[in-house]
Structures are given as C-alpha cells and as structure tokens.
Amino acid sequence: DQQVKQNSPSLSVQEGRISILNCDYTNSMFDYFLWYKKYPAEGPTFLISISSIKDKNEDGRFTVFLNKSAKHLSLHIVPSQPGDSAVYFCAAPYAGGTSYGKLTFGQGTILTVHP
Amino acid sequence: GAGVSQSPSNKVTEKGKDVELRCDPISGHTALYWYRQSLGQGLEFLIYFQGNSAPDKSGLPSDRFSAERTGGSVSTLTIQRTQQEDSAVYLCASSFWTGAGNEQFFGPGTRLTVL
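Residues numbered from 1 in each chain as written. Chains lettered and ligands numbered in written order. Predicted model: local features only at pLDDT ≥ 70, side-chain atom pairs only at ≥ 80, totals over all residues. Heavy atoms only, no water.

Describing the sheet that holds strand β7 (residues 75-79) of chain B
Residue and element names in this part refer to chain B. Where we set the bar: For two strands to be treated as a pair, DSSP must find no fewer than two bridges joining them. Secondary structure elements follow DSSP: runs of H or I of four or more residues count as helices, runs of E of two or more count as strands, with numbering from the N terminus. Where helices are involved, their axes are fitted lines through C-alpha atoms of the stretch in contact, as for all axes, and angles between N-to-C directions lie from 0 to 180°.
Pairing in this open sheet of four strands is antiparallel, and the strands run β1-β3-β7-β6 from one edge to the other. Both edges of this open sheet fall to β1 (5-7) and β6 (65-69), since each of them pairs with a single strand only. Ignoring strand direction, the axes of neighbouring strands in this sheet form an average angle of 15 degrees.

Structure below.
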C-alpha cells in the first residue's frame, strides 16, 4: 500500500525554467511533509517541509504547496539550475496515533536540469 | 561536526552468508533509523530506535533482519542467511528527536550486493 506516491519517475527542464515535482498521498492523517534531495552515492538531504496548517512554504528558490483537499503537494524550483539535478523524494513522518518519526517516502522523481 | 557515517560503503556477499552493517549517528542524536532503497524503488523504512524505548521494528521484512543500538549510539543492522532480494542500498539516519518537524540526517549508505 503506497501511501505516498510520486507518479512521475523523471522530469527534464531547461536551466532557468521552473521545475514542478508532484506528490500525492492517501493517508488523511498525514499532517506534515518533507522533501529530500538525493545525489548519486550520497544519502538524502533535507530540502524543505510544510505543515498542514499552511498551504505554502517558501525557502529561496524552493516553494512547496499543499492542497489538503486533493491530498497533493508539489515542489517548485525556480529558477532551476544544473546543480539541482538529483532525485527528489517527498516523505511524511506520521507513524500512527500520536507518533511521528519513521518517514514514509514516495518513489522519487529524477530531475535533470539542462544547461 | 561529523555527519552520519556508515561502514562498509560497499559489501558483496554470497547468498546464505550473514552480513553486518554499521552506523555511527551524529553525536547527541537520540533517534536512529534504518531504511533501504532497492533498485528502482523508493526508500523503505526498516527499524528505528528512540532513546531507551523499545525499537519500532515494524518495517523489518523478515526475521532474518535484526538491529541493535549499543549505548544509545552506534547501531548494527544484521542480515542473516542473505538472499538476492536483500541487495539494496541500506541507509542510516539520525535526528535530535522524533516529531513531525524532525529533520533526519542521512549517512551515505551501504550498497549490499548478494550474489
């Protein structure tokens, strides 16, 4: 049962353009989400998060949008840079009851930014 | 300060052999997590430790998998009688606390190949 889904395995954009990475979830108890970025042969690194009390969170070139009614979130990167080329994962830390901790990850989207 | 370290970085073993994977978390982090990423898959939760509480083992795929955390610091993930489907990158992460907003810091992973 895939509770967090990233339906686009890959995305290719031109440098300077906007990258939009999408993520859907099925568990209505999820109330916090994180995006991680992963380069080859490295562990994932935290990028940005959003709480369900917000519908938008912005950090520099990165903005995450949350649509709770649609159970959908998206990560916008603008402008995209070649160094943004990596695998992006969305994740939810809700573990059931009042417990948080272990992350449920989506399958990841490979972003390639062309110069 | 030092990040999360894992050893070995690569491990090749024969089917049926036991393997041990090691994780050194960031000093002072009370929570430690193990995940794995199989080829073409997202990150899958395995087990996590929080302070002195009993570990959450709900993600371990079979009783061939076990983990321990000694002295609240270093952790070892043991896979007994390895199978080819155990081939994956095993990632360790640690965090100050467990909660909705906790950021997990990941190590570079151990790539396990079972021949």
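More follows now that the structure is in view.
Notes on the nonpolar core
The following threshold applies: Think of a nonpolar core as a cluster: buried Ala, Val, Leu, Ile, Met, Phe, Trp, Tyr and Cys residues, connected wherever their side-chain atoms sit within 4.5 Å. Burial status follows relative accessibility: with a 1.4 Å probe on protein chains alone, a residue under 20% of its type maximum counts as buried, one over 50% as exposed, and anything between as partly exposed. Whether two residues are in contact is decided by their heavy atoms, any of which lying within 4.5 Å being enough.
If you look at the biggest cluster of nonpolar residues, it comprises 25 residues, and the most contacted ones within it are Phe33, Trp35, Leu73, Leu75 and Tyr88 of chain A. Counting residues per element, the ones that place at least two in this core are β3 (19-25), β4 (32-38), β5 (45-51), β7 (62-67), β8 (72-77), β9 (86-96) and β11 (109-114) of chain A. Considering every element that reaches this core, the biggest residue donor is β9 of chain A, with five residues. Leu75 of chain A has contacts with Ser19, Ile20, Leu21, Trp35, Leu47, Ile48, Phe62, Thr63, Val64 and Tyr88 of chain A, leaving out every residue within four places of it along the chain. With 20 residues, the next largest nonpolar core counts Val4, Ala67, Tyr90 and Leu112 of chain B among its residues.

What to know about the side chain of Ser19 of chain A
All names here are of chain A. Put simply, the rule reads: In protein, a polar contact requires one atom able to donate a hydrogen and another able to accept it; more generally it is a pair of N or O atoms within 3.5 Å, and residues adjacent in sequence count only if both atoms are side-chain atoms.
The residue Ser19 is located in strand β3 in this model. A distance of 2.6 Å separates a polar atom in the side chain of Ser19 from a polar atom in the side chain of Ser80. Beyond its immediate chain neighbours, meaning those up to four positions away, Ser19 contacts Leu11, Val13, Leu75, His76, Ile77, Ser80 and Leu111.

So, the sheet that holds β8 of chain A
Residues and elements named next belong to chain A. As summarised here, the arrangement of the five strands in space is β1-β3-β8-β7-β6, forming an open sheet in which the pairing is antiparallel. For this open sheet the edge positions go to β1 (4-5) and β6 (56-59), each flanked by a neighbour on one side alone. Relative to β8, β3 runs antiparallel, the two sharing six bridges. Of the residues in β8, the one forming a bridge with Asp24 is His72.

Some points on the state of the cysteines
Put simply, the rule is: Disulfides are defined in this document as cysteine sulfur pairs within 2.5 Å.
All told, the structure shown has two disulfides over all chains when counted by the stated rule. Residue pairing for Cys23 of chain A: its cysteine sulfur links by disulfide to Cys90 of chain A, the two sulfurs lying 1.8 Å apart. Looking down the S-S bond of the Cys23 of chain A and Cys90 of chain A bridge, the torsion is 65 degrees, so its handedness is right-handed. With Cys23 of chain A in strand β3 and Cys90 of chain A in strand β9, this pair connects stretches of sequence that are 67 residues apart. Accessibility expressed as a relative area gives 1% for Cys90 of chain A, which makes it buried. Here Cys23 of chain B pairs with Cys92 of chain B through a disulfide, and the sulfurs are 1.9 Å apart. Residues Cys23 of chain B and Cys92 of chain B are joined by a disulfide whose S-S torsion is about -65 degrees; by sign, that bridge is left-handed. Note that Cys23 of chain B is positioned in strand β3 (residues 19-24) and Cys92 of chain B in strand β8 (residues 88-95), a separation of 69 residues in sequence.

Overview of the packing of aromatic side chains
To be explicit about the condition: Pairing of aromatic side chains here covers Phe, Tyr and the six-membered ring of Trp, requires ring centres within 6.5 Å, and sorts the geometry by plane angle: under 30 degrees stacked, over 60 edge-to-face, intermediate tilted.
Throughout the structure, instances matching the rule amount to 14 aromatic pairs over all chains. Centroid distance Tyr33 of chain B to Tyr48 of chain B: 5.2 Å. Interplanar angle 25 degrees. Geometry classified as stacked. Residue Tyr33 of chain B is found in strand β4 (residues 31-37), and its partner Tyr48 of chain B is found in strand β5 (residues 43-50); the two are separated by 15 residues along the sequence. Each of the two residues, Tyr33 of chain B as well as Tyr48 of chain B, counts as buried. Ring centres of Phe45 of chain B and Tyr48 of chain B lie 6.2 Å apart, and the angle between their planes is 65 degrees; on these two criteria the pair is classed as edge-to-face. Feature note: the residues Tyr36, Phe46, Phe89 and Phe105 of chain A together with Tyr33, Tyr35, Phe45, Tyr48 and Phe106 of chain B constitute an aromatic cluster, connected by ring pairs.

Brief notes about the interface of chain B and chain A
The condition that has to hold: Two parts placed together each lose some accessible area under a 1.4 Å probe, and adding up what both lose gives the buried area. The salt bridge definition used is simple: a Lys or Arg side-chain nitrogen within 4 Å of an Asp or Glu carboxyl oxygen. When residues are grouped by polarity, Ala, Val, Leu, Ile, Met, Phe, Trp, Tyr, Cys and Pro land in nonpolar, Asp, Glu, Lys and Arg in charged, and all others, Gly among them, in polar.
Residue-level contacts link 21 residues of chain B with 19 residues of chain A. The contact between chain B and chain A buries some 1500 Å² in all, and 61% of this surface belongs to carbon and sulfur atoms. For the pair chain B and chain A, the number of links is one salt bridge. Looking at the side of chain B that touches chain A, the elements that each hand over two or more residues are β4 and β5 of chain B. In terms of residue class, the side of chain B that touches chain A is made up of nine nonpolar, 10 polar and two charged.

Considering the pattern of salt bridges
Residue and element names in this part refer to chain B. The tally for this structure, following the rule as stated, stands at seven salt bridges over all chains. Measuring nitrogen to oxygen at the nearest pair gives 2.8 Å for the salt bridge that ties Asp86 to Arg64. With Asp86 in the loop between β7 and β8 and Arg64 in the loop between β5 and β6, the pair connects residues that are 22 residues apart, well separated along the chain.

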